Amino acid sequence: MIVVRDPRSAVDPSALMCRVIEACRDAIVVREAYLCDLDCAIGDGDHGTNMRRGLDALAAERQRLAGMPLAEAMSAAGTILVMSIGGAAGPLYGTLLLEIGRELSTGRPETEFPEIFQHAVAAVAQRGRSSLGEKTLLDVLYPLSDELIKHVPLQHLAEKIQGFADMTIDMKAMRGRASFLGGRSIGHMDPGAASCALLAAIVCHELAKAGAA
Ligand code: ADP
Ligand code: MG
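Summary of the structure given here. A quick note: this is a predicted structure, and the numbers were derived from the prediction, not measured. (Residues numbered from 1 in each chain as written. Chains lettered and ligands numbered in written order. Predicted model: local features only at pLDDT ≥ 70, side-chain atom pairs only at ≥ 80, totals over all residues. Heavy atoms only, no water.)

## So, the overall build of the chain
Working step 1: Helix and strand content of the chain: nine helices and zero strands.
Working step 2: N-terminal to C-terminal, the α/β element order of the chain is α-α-α-α-α-α-α-α-α.
Working step 3: On C-alpha atoms alone, the chain measures out to a radius of gyration of 16 Å, which is about the 17 Å that the 2.2 N^0.38 rule sets for 213 residues.
Working step 4: For the chain, the spread of C-alpha atoms along the principal axes amounts to about 55 × 35 × 30 Å.
Working step 5: Look at the contacts in the chain between residues 6 or more apart in sequence, and 65% of them connect residues 24 or more apart.
Working step 6: Of the roughly 9800 Å² that the chain leaves accessible, carbon and sulfur atoms contribute 56%. (Helix = DSSP H or I, 4+ residues; strand = E, 2+ residues; numbered from the N terminus. Rg over C-alpha atoms; globule rule 2.2 N^0.38 Å. Contact = heavy atoms within 4.5 Å. Areas by Shrake-Rupley, 256 points an atom, 1.4 Å probe, with all protein chains shown as cover.)

## Digging into helix H9 (residues 191-209)
Working step 1: Over its 19 residues, H9 runs 27 Å from end to end, which matches the ideal 27 Å to within 8%, given 1.5 Å per residue.
Working step 2: Taking burial as the measure, the 19 residues of H9 include 14 buried ones, the bulk of the element.
Working step 3: The backbone nitrogen of Gly 192 lies 3.2 Å from a side-chain oxygen of the residue at the head of H9, namely Asp 190.
Working step 4: A positive backbone phi angle near 85° is found at Gly 211, which sits one or two residues after H9. (Expected span 1.5 Å × (residues − 1). Buried < 20%, exposed > 50% of the residue type's maximum accessible area, 1.4 Å probe, protein only. Polar contact = N/O pair within 3.5 Å; in protein donor to acceptor, adjacent residues only side chain to side chain.)

## Some points on the site of ligand 1
Working step 1: Taken together, 20 residues form the shell around ligand 1, and within it His 47, Asn 50, Gly 128, Ser 130 and Asp 190 come nearest.
Working step 2: Residue Asn 50 places a side-chain N or O atom 2.9 Å away from an oxygen atom belonging to ligand 1.
Working step 3: Taking Ser 130, its side chain carries an N or O atom lying 2.8 Å from a nitrogen atom of ligand 1.
Working step 4: Here ligand 1 loses 91% of its free accessible area of 560 Å² to cover by the protein chains.
Working step 5: Elements with a contribution of two residues or more to the shell around ligand 1: helix H2 (47-60), helix H5 (89-105) and H9.
Working step 6: The biggest single contributor to the shell around ligand 1 is H9, with three residues.
Working step 7: Taken together, the residues of the shell around ligand 1 break down into six nonpolar, eight polar and six charged. (Near = heavy atom within 4 Å. Nonpolar A, V, L, I, M, F, W, Y, C, P; charged D, E, K, R; others polar.)

## As for the coordination of the magnesium ion (ligand 2)
Working step 1: Protein-derived ligands of the magnesium ion (ligand 2) are Asp 39 (OD), Asp 44 (OD) and Asp 46 (OD), with the metal-ligand distances lying across 2.1 to 2.2 Å.
Working step 2: Going along the chain, you hit the donors of the magnesium ion (ligand 2) in the pattern D-x4-D-x1-D.
Working step 3: Using a relative accessible area of 8% as the deciding quantity, one classes Asp 39 as buried. (Donors = N, O, S within 2.8 Å, 3.2 Å for Na, K, Ca; no water.)

## What about the environment of Phe 164?
Working step 1: Along the polypeptide, Phe 164 turns up in helix H8 (residues 154-166).
Working step 2: On the basis of relative accessible area, Phe 164 is assigned to the buried category, the value being 12%.
Working step 3: With 23 residues separating them in the primary sequence, Phe 164 and Leu 141 have C-alpha atoms 8.7 Å apart.
Working step 4: Each residue touching Phe 164, except ones within four places of it in the same chain, is listed here: Asp 139, Val 140, Pro 143, Leu 144 and Glu 147.

## Things to note about the nonpolar core
Working step 1: Of all hydrophobic cores here, the largest spans 66 residues; its most connected members are Leu 65, Tyr 93, Ile 100, Phe 117, Leu 141 and Ile 161.
Working step 2: Setting aside residues no more than four positions away along its own chain, Tyr 93 makes contact with Met 51, Leu 81, Ile 85, Leu 137, Gly 192, Ser 195, Cys 196 and Leu 199. (Core = buried A, V, L, I, M, F, W, Y, C linked by side-chain atoms within 4.5 Å.)

## Regarding the state of the cysteines
Working step 1: Under the criterion given, the structure shown has zero disulfides.
Working step 2: The thiol of Cys 204 is unpaired, and the distance to the nearest cysteine sulfur, on Cys 24, comes to 10 Å. (Disulfide = S-S within 2.5 Å.)

## Concerning the packing of H8 against H9
Working step 1: The N-to-C vectors of H8 and H9 enclose an angle of 175°; their axes lie 8 Å apart at closest approach. For the element pair H8 / H9, the angle class is roughly antiparallel. Contacts between H8 and H9 pair Leu 154, Gln 155, Leu 157, Ala 158, Ile 161, Gln 162 and Ala 165 from the former with Ala 193, Ala 194, Ala 197, Ala 200, Ala 201, Cys 204, His 205, Leu 207 and Ala 208 from the latter.
Working step 2: Across the contact of H8 with H9, the residue classes tally to 13 nonpolar, three polar and no charged. (Axes fitted to C-alpha atoms, helices over the stretch in contact; angles between N-to-C directions. Parallel < 35°, antiparallel > 145°, perpendicular 65-115°, else oblique.)

Here it is in structure tokens:
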């Protein structure tokens, strides 16, 4: 997570973590059916249910997570997501948070978050044996990482993220269940990219609101 740099800021990091988790859970609850519909078109129709299970599990543990040092909290959240989302997406979302937690635990300062995130996205790609342009959640994570490296302001970034998921509509799926459809996957948004864009936009928005850098 991005460090709150302003020492005059009244933001309590624990309260902020709770708020971010709650906002993510609420957004997924609202979009559960939509994410299932996207997955029905090119997969097996469970992505909304999977993400709902994951975010419900995270929300149930938010107080415990908020009481931990950030590195530990990210790792614990990653483990919760691996165990609760399931499917193909669980290990990928889990890897993202576990890697962020691992990088933070090596003593890297939180101010290096863009580099930490870039490293975590590479770990997700390795885990999924996938890369950019293959119609997966990585088509949101890679451009997001590029924008973070450029220090694009978070509120501005929040507004751009849905555009990354929209780009998957014209792509042909090369990984996961959707790849079985080959060219017939073209014309549909990737469900993992959609959930990833939704969550990333919420996190950016909440951090921007709290005055995080
Ligand atoms: P499942 O495919 O097991 O039903 P979900 O429906 O929860 O799992 O998640 C599907 C999403 O996971 C896809 O839309 C895609 O974004 C992502 N995904 C699947 N396989 C891969 C992979 N090998 N690399 C990256 N992302 C993947
Ligand atoms: Mg599915």
